[in-house]
Amino acid sequence: MTVNTYLSNTGWLYRFDPRAKIFFLVLLLGWVFLPVTLAGLGCMLLLILFTALSNPGPRFVLSTFTSILPMIIFMVLFAPFNVRSGTALITIHSFVLLTEEGALQVLRLAIRFISITYLATLLFATTPMPEILLALQWYRLPYKASLIITLAFTYIPFIADGFAQIEESHRLREAGAHLERKRIGKIRSLIPTLTSSLVLALRSIPTLALSLELRGYGRANKRTRYHDLSSYRRTFTDFLISGMIPVISFLVFKA
Amino acid sequence: MNKEKHALKVAVVTVLTAVVVVFTLVIRIPTTKGYLNLCDVAICFIAFTFGPISAFLAAGLGTAIADLISGYAQWAPISFVVHGIEGLLIALIVRKQPLSKMRILLAAIGCILTVSLGYFVLSALFISTVAVAAAEIPPNMIQAGVGAVFGFALSKAIKRAYPPVSALSW
């Protein structure tokens, strides 16, 4: 099971300070909801797409777009019919099928949705998870929360592997009986597999608690850290850029 | 659980978070705006077995991490809020023992309403449109309903198969 969202590459976004990147992300996520012109929103999407193409690369752009394509199609097909006012674009006899306002609104919503998707996925594609957690700690995320997230990422493959092995052994014991079952039967047949997998996972809790205590968790002296964000030397510049782009683009494209 | 057992609490939430992630990613049925999965089975199991705090944290974090891993990062904050509240609500309803059939039914209804209405309101407000968000209400209701039924069944099965689990709730 792949749990890594980071895509290794060498673009400028990879050298951007993760703390500034989070700040930039939050500002841009707010920016797409501000009253800006449709052209402005389109320009911002182009800027985001250009950043995605020049950093993680075309494959990332394509795979992200493929994952949201069904929803965009659904949005384009059905959303315009909710707006009945304005200039009619398509009419069948006297029934107005599509208005100009409806088409413009769905275009705005689609651009906003695509922008949000790329913004959120770009952060995780260009920043390793430990650095995101360090950046979040810099923003005062509690130590306990970052510890849970870090440890959960190491436990996911362990539990997923356990599930796969148990599922396989249950399937071998049933010898093809699962092929004849209907959908509900198949879900019901998951119960023994899920129970065994859960017991396996729950049994690891006392061991994990013990190893945390052995490593000094809960004591006054905190554990040693070997990883920090000191390699990013342009923090101020990155924060400045992160603040300037949304502010300037809002002033330019204000509706 | 003793209030001083910080390491055990961290271990419980960590493993349960990982369990929610795995359940979310095991079976994935694509829909118009994401996918249907077994996350509600895991959340309901945790809420029925472990208490409100574990349920809130594991459900919220687990579903948010699953969204991040599977390339639906834009849904992560919404999943954190909706599923976190779902876990918390169910756990609070079923907390009082002995558990009556009425409270189990109430927990299942709470689960269905939280998931379907939560996703509808938040995705219509922040990500998509009312029409698109409304189209996802029926599949979300089915997913949450199946989750409540199988989550309760799993909770009973686990309590029989692994009795020490009762000592891990708080």
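As a reminder, the structure under discussion sits directly above these lines.
Residues numbered from 1 in each chain as written. Chains lettered and ligands numbered in written order. Predicted model: local features only at pLDDT ≥ 70, side-chain atom pairs only at ≥ 80, totals over all residues. Heavy atoms only, no water.

1. Things to note about the overall build of chain B
Argument step 1. A tally of regular secondary structure across chain B gives seven helices and two strands.
Argument step 2. Listed by position from the N terminus, the elements making up chain B come as α-β-β-α-α-α-α-α-α.
Argument step 3. Computed over C-alpha atoms, the radius of gyration of chain B comes to 15 Å, within 12% of the 15 Å expected from 2.2 N^0.38 for 170 residues, which places it in the range of a compact globule.
Argument step 4. Taking the principal axes of the C-alpha coordinates as reference, chain B spans close to 45 × 35 × 25 Å.
Argument step 5. Looking at chain B residue by residue over its 170 residues, the buried ones come to 62%.
Argument step 6. By sequence separation, contacts in chain B at least 24 residues apart represent 71% of the contacts at least 6 residues apart.
Argument step 7. Approximately 6,300 Å² of chain B is accessible, and the part contributed by carbon and sulfur atoms is 73%.
Argument step 8. Within chain B, the 5 negative side-chain charges are centred at a point lying 14 Å from the centre of the 12 positive side-chain charges. (Helix = DSSP H or I, 4+ residues; strand = E, 2+ residues; numbered from the N terminus. Rg over C-alpha atoms; globule rule 2.2 N^0.38 Å. Buried < 20%, exposed > 50% of the residue type's maximum accessible area, 1.4 Å probe, protein only. Contact = heavy atoms within 4.5 Å. Areas by Shrake-Rupley, 256 points an atom, 1.4 Å probe, with all protein chains shown as cover. Lys, Arg positive; Asp, Glu negative; His and termini not counted. Charge placed at Lys NZ, Arg CZ, Asp CG, Glu CD.)

2. Description of the pairing of strand 1 (residues 88–92) of chain A
Two faces belong to every sheet, and in a regular strand the side chains alternate between them.
Residue and element names in this part refer to chain A.
Argument step 1. Relative to strand 2 (residues 95–99), strand 1 is paired through four bridges, and the arrangement is antiparallel. Directly across from Ile92, in strand 2, lies its bridge partner Phe95.
Argument step 2. The hairpin turn running from strand 1 into strand 2, its antiparallel successor, is two residues long, and His93 in that turn takes a positive phi close to 55 degrees. (Pairing = 2+ DSSP bridges.)

3. What about the side chain of A:Gln137?
Argument step 1. With respect to the secondary-structure elements, A:Gln137 resides in helix 6 (residues 129–138).
Argument step 2. Within the structure, A:Gln137 has its side chain in polar contact with the side chain of A:Ser146 (distance 2.5 Å). (Polar contact = N/O pair within 3.5 Å; in protein donor to acceptor, adjacent residues only side chain to side chain.)

4. Digging into the side chain of A:Ser249
All names here are of chain A.
Argument step 1. Residue placement: Ser249 occurs in helix 10 (residues 235–253).
Argument step 2. Since its relative accessible area comes to 11%, Ser249 is described here as buried.
Argument step 3. From its side chain, Ser249 meets the backbone oxygen of Ile245 in a polar contact 2.6 Å long.
Argument step 4. The contacts of Ser249, once residues within four sequence positions are left out, are Trp31 and Met44.

5. Digging into the interface of chain B and chain A
Argument step 1. Counting residues at the interface gives 51 residues for chain B and 51 residues for chain A.
Argument step 2. Contact between chain B and chain A buries roughly 4,500 Å² in total, counting both sides, with carbon and sulfur atoms accounting for 87%.
Argument step 3. The tally of links between chain B and chain A comes to zero salt bridges.
Argument step 4. Linking chain B with chain A are one residue pair in polar contact (both at pLDDT 80 or more), by the criterion used here.
Argument step 5. Among the elements of the structure, helix 1 (6–26), helix 2 (39–50), helix 3 (52–69), helix 5 (101–126), helix 6 (130–135) and helix 7 (137–161) of chain B are those that each provide at least two residues to the side of chain B that touches chain A.
Argument step 6. For the side of chain B that touches chain A, the element with the most residues is helix 1 of chain B, which contributes 18 residues.
Argument step 7. A class-by-class count of the residues in the side of chain B that touches chain A yields 41 nonpolar, nine polar and one charged. (Buried area = accessible area lost by both parts, 1.4 Å probe. Salt bridge = Lys/Arg side-chain N within 4 Å of Asp/Glu carboxyl O. Nonpolar A, V, L, I, M, F, W, Y, C, P; charged D, E, K, R; others polar.)

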